[in-house]
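# Breakdown of the fold
Each chain, letter by letter, is given below.
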Amino acid sequence: MIEPGTTLCDVQINASLDKLVGMFSSPEFAGAEVELWVFDGRERREKARKALETEGVIARVRSAYKPLVHAVLEELDFDGVKEISIRYPVVDGVLENRFLLETYPVGELVGARPVTFEPSEPVDGSGLISYQLVLKRGDGSQLFVDVPAPNLFRPDHVGHGIYTATGWIRVRSPDRPDLDRNEPYRTDQEQAFDAVMTILSERNWEGEEPFFDRLNMRVEAPFYDRPLPFAHECLSTAEAMHEDLYFSALDMFKKARGLDLEDRTLRPGQLVPQIVPRTGPLRVVIETGSDPYLETDRSVQPGPLTDLETAGHWLEPGVIKAHVDDLGGDYYEVRSQRGRPVWSTHIAGQGPAMVITAGQHSNETSGPIGALRAARHMADKGRTGFAVSPLVNPDGYALFRELCRNYPDHMNHAARFTASGCDLQYVERGFENEAHHIGQEKTGARLHLNLHGYPAHEWTRPFSGYVPRGAELWTIPKGFFLILLHKPGWKSQGEVILNAIIEELSGYQPIVDLNREQCGRSRLYTNASPFMIREDIPYTVEEVEDSLFPVTIITEAPDEMVYGDAFSLLHTAQMKSVLAAADACPSAFS
């Protein structure tokens, strides 16, 4: 294992906009039209445009990240426009709805004007592709607008061919046609991302896993967050870089070990993107580190009991501990890979019992509160027996809290796995997963309620193909939904539980309203409906061979990251799901 404090690289990269302004400030470009696409925010792009205009250049400096959305926000004039039609590019060899997804959420940014989408004829993607807009005015006239979307085919760091966002330069010079250009440009943020992947891919990752306790991938660049006037959406190159660094590094380690990219057993250690906004030259630092919360979390003391019903924020560990203690029952505790406690309790009851867990992916934060609220109700009733472990991944939760100090509204997916860098589901017995086994042994439960969440806003990876590889169905929110996993021969029992939860949630109007809104929007921007839907509740059913429990219900709440009333709504739905399942247990398993 590489010792903490080891630096693998520390490099600087010149800022693209500074270089481009210097390049096109030359007198020979006076009078030329220069269009640039970069990953900088509006303020920096506007400053660059003005600097070029003082040199006589007719300049446009646009965003290479979600260019259509930026064009709607910054350039297009919709005065008098009654209807909008958008033809999105379709590129050979690329996910057909890739550029439809990238239009999200244009329809919500143009007021009450109806927007329709249709695919263009497929192209080979070798040049500068574009969205084609038709703006239909009230007087019957139409305005045709092209919005370029710079992308480029290239291999990624695991050997896959990708079609991914890139910078671009387009120059038209009426007096000097020899200066004309129309070509991709590798921007500073692309270089920073590639630098991390190159350093990691060139190292020999042999020997025992994990390779390090923690690997910090620090990128300092002119990132920006631009909130949108719609739901929880935000244009964030900071969040996009976090997501791309984390998942691409994980894939790179899998390739180095000869594993399939879908594998979740790899234990490289904890991968931590550190995203730091700065101006001037970009800086990339890769170094090993250690867990800053560890000593305090190993011996955390119970915090104050809180009003969980109105909780609008995720809970500190001490508060979770206090609520587990308050439940009483047969308390038990296991330890994580770093030695943090996983608090659990068993409450005896009548009839078939169940096991309730939350926090497997620790950036999914409505589950722990929903589990505790349901446990309190069930303990007070004194009917159904259960075991509850509201935070089964405390090592990941420590990283989540750390990441939230700078980016509380981001998905922070680097915190979803355990300290070893693999999914809790694949952790060997003796660590966090022991809580599941002890809970099953104490209760004899055949039902596992596993409370999860997923992104509450768009999830993108712009430097590796835009759509998250292996997670294409999770790109935009689609409501609170359910997944039934059952072993062979247990489908009918599982469906009794599933139907009971659907019936309960379909009577909870705030969730029905949320699901109708998000499912409708998901269909609009994906051209797909990946789930069955009954009574406004999406769900899937899948048979599995390898499972500790014959029946598992997974809840999926769009909770990464929401707060306030939106958060309360989701942990209430989590609680209602558990209580409905508890009430259905006797008829399902007796």
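A brief look at the structure comes next. (Residues numbered from 1 in each chain as written. Predicted model: local features only at pLDDT ≥ 70, side-chain atom pairs only at ≥ 80, totals over all residues. Heavy atoms only, no water.)

## A look at the side chain of His486
Inspection of the secondary structure assignment puts His486 in strand β22 (residues 481–486). The exposure class assigned to His486 is buried, which follows from its relative accessible area of 3%. In this view, His486 contacts Lys491, Val541, Glu542, Glu543, Val544 and Pro550; residues no more than four positions away in its chain are not counted. (Helix = DSSP H or I, 4+ residues; strand = E, 2+ residues; numbered from the N terminus. Buried < 20%, exposed > 50% of the residue type's maximum accessible area, 1.4 Å probe, protein only. Contact = heavy atoms within 4.5 Å.)

## Details of the sheet that holds strand β6 (residues 130–137)
Hydrogen bonds between backbone groups are what pair the strands of a sheet, and the pairing can be parallel or antiparallel. The mixed open sheet is built from four strands, whose spatial order is β5-β4-β6-β7. On the outer flanks of this sheet lie β5 (115–119) and β7 (142–148), each paired with one strand and no other. Ignoring strand direction, the axes of neighbouring strands in this sheet form an average angle of 20°. Sheet topology note: the β6/β7 ladder contains seven bridges and is antiparallel. Note that in β7 the partner of Ser130 across the bridge is Pro148. (Pairing = 2+ DSSP bridges. Axes fitted to C-alpha atoms, helices over the stretch in contact; angles between N-to-C directions.)

## Focus on the packing of aromatic side chains
Taken as a whole, this structure holds 25 aromatic pairs when the rule is applied. Considering the side-chain rings of Tyr454 and Trp474, the 5.4 Å spacing of their centres and the 70° angle between planes classify their relative orientation as edge-to-face. Here Tyr454 is found in strand β21 (residues 447–455), whereas its partner Trp474 is found in the loop between β21 and β22, with 20 residues between them in sequence. Ring pairing ties together the aromatic residues Phe99, Tyr131, Phe153 and Tyr163, which thus form one cluster. Above the plane of the ring of Trp205 lies Arg203, whose end atom (NZ or CZ) is 5.6 Å from the centre. (Phe/Tyr/Trp six-rings, centres within 6.5 Å; stacked < 30°, edge-to-face > 60°. Lys NZ or Arg CZ within 6 Å of the ring centre and 35° of its normal.)

## Structural notes on helix α14 (residues 564–589)
Taking 1.5 Å as the rise per residue, α14 with 26 residues should run 38 Å; its terminal C-alpha atoms sit 37 Å apart, in good agreement. Of all the bends in α14, the largest measures some 35° and sits at Asp583, one to four residues before the proline Pro586. The element α14 is extensively covered by neighbouring structure, given that 19 of its 26 residues are classed as buried. (Expected span 1.5 Å × (residues − 1). Bend = angle between axes of the 7 residues up to and from the residue.)

## Describing the packing of helix α9 (residues 366–381) against α14
The relative placement of two packed helices is expressed as an angle between their axes plus a distance between the axes. At a minimum axis distance of 8 Å, the contact between α9 and α14 shows a crossing angle of 45°. Of the possible angle classes, the one that applies to α9 and α14 is oblique. In this structure, α9 meets α14 at a crossing whose hand is right-handed. For the pair α9 and α14, the contacting residues are Ser366, Gly367, Ile369, Gly370, Arg373, Ala374, His377, Met378 and Lys381 in the first and Phe567, Ser568, Leu570, His571, Thr572, Gln574, Met575, Val578, Leu579, Ala582 and Asp583 in the second. Taken together, the residues of the contact of α9 with α14 sort by class into nine nonpolar, eight polar and three charged. (Parallel < 35°, antiparallel > 145°, perpendicular 65-115°, else oblique. Left-handed = near helix turned anticlockwise from the far one by under 90°. Nonpolar A, V, L, I, M, F, W, Y, C, P; charged D, E, K, R; others polar.)

## Things to note about unusual backbone geometry
With omega at -5°, the peptide bond leading from Glu209 into Pro210 counts as cis. When you line up the elements, Pro210 lands in the loop between α5 (188–202) and β12 (214–221). Its identity as a non-glycine residue notwithstanding, Ala231 has a phi of 45°, on the positive side. Within the secondary structure layout, Ala231 lies in the loop between β13 (225–227) and β14 (234–236). Exposure remark for Ala231: the relative accessible area of 56% places this residue in the exposed category. With a phi close to 50°, Asn412 is a non-glycine residue in the positive phi region. As for its placement among the helices and strands, Asn412 is situated in the loop between α10 (394–404) and α11 (434–443). Residue Asn412 is classed as buried on the basis of its relative accessible area of 2%.

Interpretation in functional terms is not warranted from these geometric data alone.
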